[in-house]
Amino acid sequence: MNEVRPIPVNVLIARMRSGDRDAAAAFLVRFGDRIRSRVRAKLSGRVRRLFDSQDILSTVARRLDRFVLSGQLTAANEPELWALVFRLAEHAVVDKARLLRRLERVEGEDSVFASELRSRLDDEASEEGDGLVAAALESTTDPTDRTILSLWLNDLPHAEIGRSVGLSAEAVRWRWHRIRARLQDRLRERAA
């Protein structure tokens with residue numbers, strides 16, 4: 001019986017550099033346990049309670065896929081690819097921790113929304129991890145609205161978000177109210 005040999009990593013890298021998303025998927029499937037093991041060591045108890053290493057691996061997979069799809073993958077060898085993958089994983093862990101801190105600190109009119117989002121994350125931690133945040137971003141179909149949501153989650157004020165998207169702070173505030181209302185409706189639908 002012939003044994004199927006795994007595709008050499010250098011071949012996967014060459015295919016990824018040419019935009020082959022299947023090669024990136026093959027790499028992640030083959031080395032997913034190694035990545036998850038590395039991530040597990042970096043997750044604090046607080047973050048681990050809401051996001052496990054599989055959630056982080058999913059985030060790494062999405063980000064690596066974007067690198068490959070956009071032609072931005074510059075890793076020329078295995079050590080460079082591993083450096084990129086581990087950097088993506090570290091950034092994903094930091095992003096998750098930052099999101100939790102952001103949701104805990106929100107005050108004023110956004111506090112109800114932040115509390116609902118945090119509560120849903122707590123409720124779904126064992127099942128979906130960061131799927132809720134990813135679903136919120138994906139369900140926000142307008143690219144400007146998606147950017148506004150992403151920047152709000154990263155704790156930027158309306159004026160700074162406005163500079164990033166080319167709108168006034170007041171226009172961002174108005175759009176944010178609309179985005180927040182839509183997302184609160186979706187959170188309630190998911191809860192029902």
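Residues numbered from 1 in each chain as written. Predicted model: local features only at pLDDT ≥ 70, side-chain atom pairs only at ≥ 80, totals over all residues. Heavy atoms only, no water.

Caption draft 1: Quick peek at the overall build of the protein chain. What the protein chain contains, in helices and strands, is 10 helices and 0 strands. Of all 192 residues assigned to the protein chain, the portion counted as buried reaches 41%. Carbon together with sulfur atoms contributes 49% to the accessible area of the protein chain, which is approximately 10600 Å² in total. (Helix = DSSP H or I, 4+ residues; strand = E, 2+ residues; numbered from the N terminus. Buried < 20%, exposed > 50% of the residue type's maximum accessible area, 1.4 Å probe, protein only. Areas by Shrake-Rupley, 256 points an atom, 1.4 Å probe, with all protein chains shown as cover.)

Caption draft 2: Just helix 8 (residues 143–153), in detail. Every buried residue of helix 8 is accounted for by Asp 145, Ile 148, Leu 149, Leu 151, Trp 152 and Leu 153. For helix 8, the capping residue at the N-terminal end is Asp 142, with a side-chain oxygen 2.8 Å from the backbone nitrogen of Thr 144. (Polar contact = N/O pair within 3.5 Å; in protein donor to acceptor, adjacent residues only side chain to side chain.)

Caption draft 3: Region of the structure containing the side chain of Gln 184. Position of Gln 184 relative to the elements: it lies in helix 10 (residues 169–191). Under the relative-accessibility criterion, Gln 184 is labelled buried at 12%. If sequence neighbours within four positions are ignored, Gln 184 has contacts with Val 112, Phe 113 and Glu 116. (Contact = heavy atoms within 4.5 Å.)

Caption draft 4: Seen up close, helix 4 (residues 53–70). With 18 residues, helix 4 should reach 26 Å at 1.5 Å per residue; the first-to-last C-alpha distance of 26 Å fits that figure. When we look at burial in helix 4, the residues that qualify are Ser 53, Asp 55, Ile 56, Leu 57, Thr 59, Val 60, Arg 63, Leu 64, Asp 65 and Val 68. Of the residues one or two after helix 4, Gly 71 is the one with positive phi, at around 75°. (Expected span 1.5 Å × (residues − 1).)

Caption draft 5: A look at the packing of aromatic side chains. The final tally for this structure, using the stated rule, is 7 aromatic pairs. Ring geometry for Phe 27 and Phe 31: centres 5.0 Å apart, planes at 45°, overall tilted. One end of the pair is Phe 27 and the other is Phe 31, both in helix 2 (residues 21–42) and 4 residues apart, which spans about a single turn. As far as burial versus exposure is concerned, Phe 27 and Phe 31 are alike and both buried. Ring plane angle 55° and centroid distance 5.1 Å describe the contact between Phe 27 and Trp 82, whose orientation is recorded as tilted. Residue Phe 27 is found in helix 2, and its partner Trp 82 is found in helix 5 (residues 78–105); the two are separated by 55 residues along the sequence. Assigned by exposure class, Phe 27 and Trp 82 land together as buried. Arg 38 extends its terminal NZ or CZ atom over the ring of Phe 86, reaching a point 4.0 Å from the ring centre. (Phe/Tyr/Trp six-rings, centres within 6.5 Å; stacked < 30°, edge-to-face > 60°. Lys NZ or Arg CZ within 6 Å of the ring centre and 35° of its normal.)

Caption draft 6: The arrangement of the pattern of salt bridges in detail. Applying the stated criterion to the full structure yields 14 salt bridges. For Arg 180, the salt bridge is made with Glu 109, and the minimal N-O distance between the two is 3.8 Å. With Arg 180 in helix 10 and Glu 109 in the loop between helix 5 and helix 6 (111–124), this residue pair connects regions lying 71 residues apart in the sequence. Ionic pairing is found between Glu 170 and Arg 173, a salt bridge with its closest N-O pair at 3.1 Å. With Glu 170 and Arg 173 both in helix 10 and 3 residues apart, this pair spans about one turn of that helix. In the salt-bridge network here, residues are joined through shared partners; they are Asp 142, Asp 145, Arg 175, Arg 178 and Arg 182. (Salt bridge = Lys/Arg side-chain N within 4 Å of Asp/Glu carboxyl O.)

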